[in-house]
Amino acid sequence: MGVAAGFEAVFLDPVGRLVQQRWADAAVAVAFEELDPVSAFPVVPGRRWGPSLWWSATCGGHVASGSNAMRVQLMVLDRDPRVVRMAGRPVRLLWRDGRGRVRSWVPQLFARYADGTGMLADCPSHPEAGGERAMKAAAAVAEACAQVGFVYRRLERLDEVVEANVKWLAGYRHPRNQGRPGLAAAVREAFAPPRPLMEGVEAVGDPIEVLPAVFHALWHGQLTTPLDVPLHERALVHVAGPEVECCTAQRAEAGPGKGIGDGTARGGAVVDRIGEAQ
């Protein structure tokens, strides 16, 4: 795709004024991760999911979300230790195509990494979502990001088992689930040698008290377990190494039986937890 002119960025400054600035300058100077949405997420009649707020453990506050698919991707980014802050729709990009026509696109989210670089991303519900216009916009936004050392991604949907596990653990992301003083340390000690989930929990104490702390530690990467198979009482849990397990790992063949996060049995509790206004 040929871009006949440079990219421009449109965003709301911290006091709510609309600003248009050369993209190359804005990418260096503007903290997009701290800005409000430059335009509201659309409400699509008939859809079960619409605009909402996601309470982020990384940010310690709410991030605007526009769809269920985006909400899941925010969960993944919220667990990524490289991400330090996120924002929903903070910037609109403007450019001219090869025929001189003005084009624009508002990526659904921005993530800031610890090294200072950023990612603009869209969260399609399926690979063809948005049609040809979205594909052309994706090519342009990817070019704009490459010019300033950022990246652009159309984030793919997670495997259904991974997604169910991430949603389950997300219900325990809030610091209140660490429990009483000393419990987090006891949990890590219990799983220093890898052991089945419930065996380690019962070694610490009452499961009603200990399980939330274990799930909290799994969410934050202090403990680790494979997320590409259903999370269940015999799942092998251990203290995490230097790298947190990747949420977007492809699913291995799952064994028989129902898992904690498989959307059955306790599925209602999963939805209730991830929908909390914390």
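Residues numbered from 1 in each chain as written. Predicted model: local features only at pLDDT ≥ 70, side-chain atom pairs only at ≥ 80, totals over all residues. Heavy atoms only, no water.

(A) Focus on the overall build of the chain. Tallying secondary structure elements over the chain gives 8 helices and 13 strands in all. Counting across all 278 residues of the chain, residues that qualify as buried make up 48%. Considering only contacts within the chain whose residues lie at least 6 apart along the sequence, 62% involve residues at least 24 apart. On the chain, roughly 13,800 Å² of surface is accessible, and the fraction owed to carbon and sulfur atoms is 52%. (Helix = DSSP H or I, 4+ residues; strand = E, 2+ residues; numbered from the N terminus. Buried < 20%, exposed > 50% of the residue type's maximum accessible area, 1.4 Å probe, protein only. Contact = heavy atoms within 4.5 Å. Areas by Shrake-Rupley, 256 points an atom, 1.4 Å probe, with all protein chains shown as cover.)

(B) Fine view of the packing of helix H6 (residues 197-204) against helix H7 (residues 207-219). As a packed pair, H6 and H7 sit with axes 9 Å apart at the nearest point and diverge in direction by 120°. Taken together, the axis directions place H6 and H7 in an arrangement best described as oblique. The interaxial crossing formed by H6 with H7 has right-handed handedness. Between H6 and H7, the contacting residues are Leu-197, Met-198, Val-201, Glu-202 and Val-204 on the first element and Pro-207, Val-210, Leu-211, Val-214 and Phe-215 on the second. (Axes fitted to C-alpha atoms, helices over the stretch in contact; angles between N-to-C directions. Parallel < 35°, antiparallel > 145°, perpendicular 65-115°, else oblique. Left-handed = near helix turned anticlockwise from the far one by under 90°.)

(C) A look at the packing of aromatic side chains. For the structure shown, the criterion picks out 9 aromatic pairs. Arranged with centres 5.9 Å apart and planes meeting at 85°, the rings of Phe-11 and Phe-32 form a pair that is edge-to-face. One end of the pair, Phe-11, is in strand S1 (residues 8-12); the other, Phe-32, is in the loop between helix H1 (23-29) and strand S3 (52-56), and 21 residues separate them in sequence. Here Phe-11 and Phe-32 have matching classes, each one buried. With centroids separated by 6.0 Å and ring planes inclined at 80°, the aromatic side chains of Trp-23 and Phe-150 adopt a geometry described as edge-to-face. (Phe/Tyr/Trp six-rings, centres within 6.5 Å; stacked < 30°, edge-to-face > 60°.)

(D) Summary view of the side chain of Asp-78. Relative to the helices and strands, Asp-78 is located in helix H2 (residues 68-79). Setting aside residues no more than four positions away along its own chain, Asp-78 makes contact with Trp-54, Trp-55, Ser-56, Ala-57, Thr-58, Met-86, Arg-173 and Trp-219.

(E) Highlighting unusual backbone geometry. Its identity as a non-glycine residue notwithstanding, Arg-89 has a phi of 50°, on the positive side. Relative accessible area serves as the criterion here: at 13%, Arg-89 is assigned to the buried category.

(F) The sheet that holds strand S6 (residues 92-96), seen in detail. Ordered by their spatial adjacency, 4 strands build an open sheet running S2-S1-S6-S7, and the pairing between neighbours is antiparallel. Only two strands of the sheet have a single partner each, and these edge strands are strand S2 (18-22) and strand S7 (102-105). Each neighbouring strand pair of the sheet contributes to a mean axis angle of 25°, computed without reference to strand direction. Of the pairings in the sheet, the one linking S1 to S2 comprises 5 bridges and is antiparallel in character. Within S2, the position partnered with Glu-8 by the bridge is Arg-22. Contacting S6 and S7, helix H3 (residues 131-148) runs over the sheet at an angle of about 85° to S7. (Pairing = 2+ DSSP bridges.)

(G) Broad picture of the environment of Val-38. Structurally, the position occupied by Val-38 is in the loop between H1 and S3. Counting along the chain gives 28 residues from Val-38 to Val-10, while the straight-line C-alpha distance between them is 7.5 Å.

(H) Local environment of the nonpolar core. Of all hydrophobic cores here, the largest spans 47 residues; its most connected members are Val-214 and Phe-215. Per element, the largest residue contribution to this core is 8 residues, and it comes from H7. Setting aside residues no more than four positions away along its own chain, Val-214 makes contact with Val-187, Phe-191, Leu-197, Val-201 and Leu-223. Of all hydrophobic cores here, the second largest spans 24 residues; its members include Val-91, Leu-93, Trp-95 and Val-141. (Core = buried A, V, L, I, M, F, W, Y, C linked by side-chain atoms within 4.5 Å.)

(I) Inspection of the sheet that holds strand S13 (residues 236-239) at higher detail. Overall, antiparallel pairing links the 3 strands, which are arranged S11-S13-S12 in an open sheet. Lying at the two open borders of the sheet, with one neighbouring strand each, are strand S11 (195-196) and strand S12 (223-224). Two elements, S12 and S13, share 2 bridges in a ladder whose sense is antiparallel. Note on S13: the bridge partner recorded for Leu-223 is Val-239.

(J) Spotlight on the pairing of strand S4 (residues 61-65). Counted residue by residue, S4 has 4 buried out of 5 residues, so it is predominantly covered. Inspection of the sheet shows S3 paired to S4 by 5 bridges, in the antiparallel sense. In the sheet register, Trp-54 faces S4, and the bridge partner there is Val-63.

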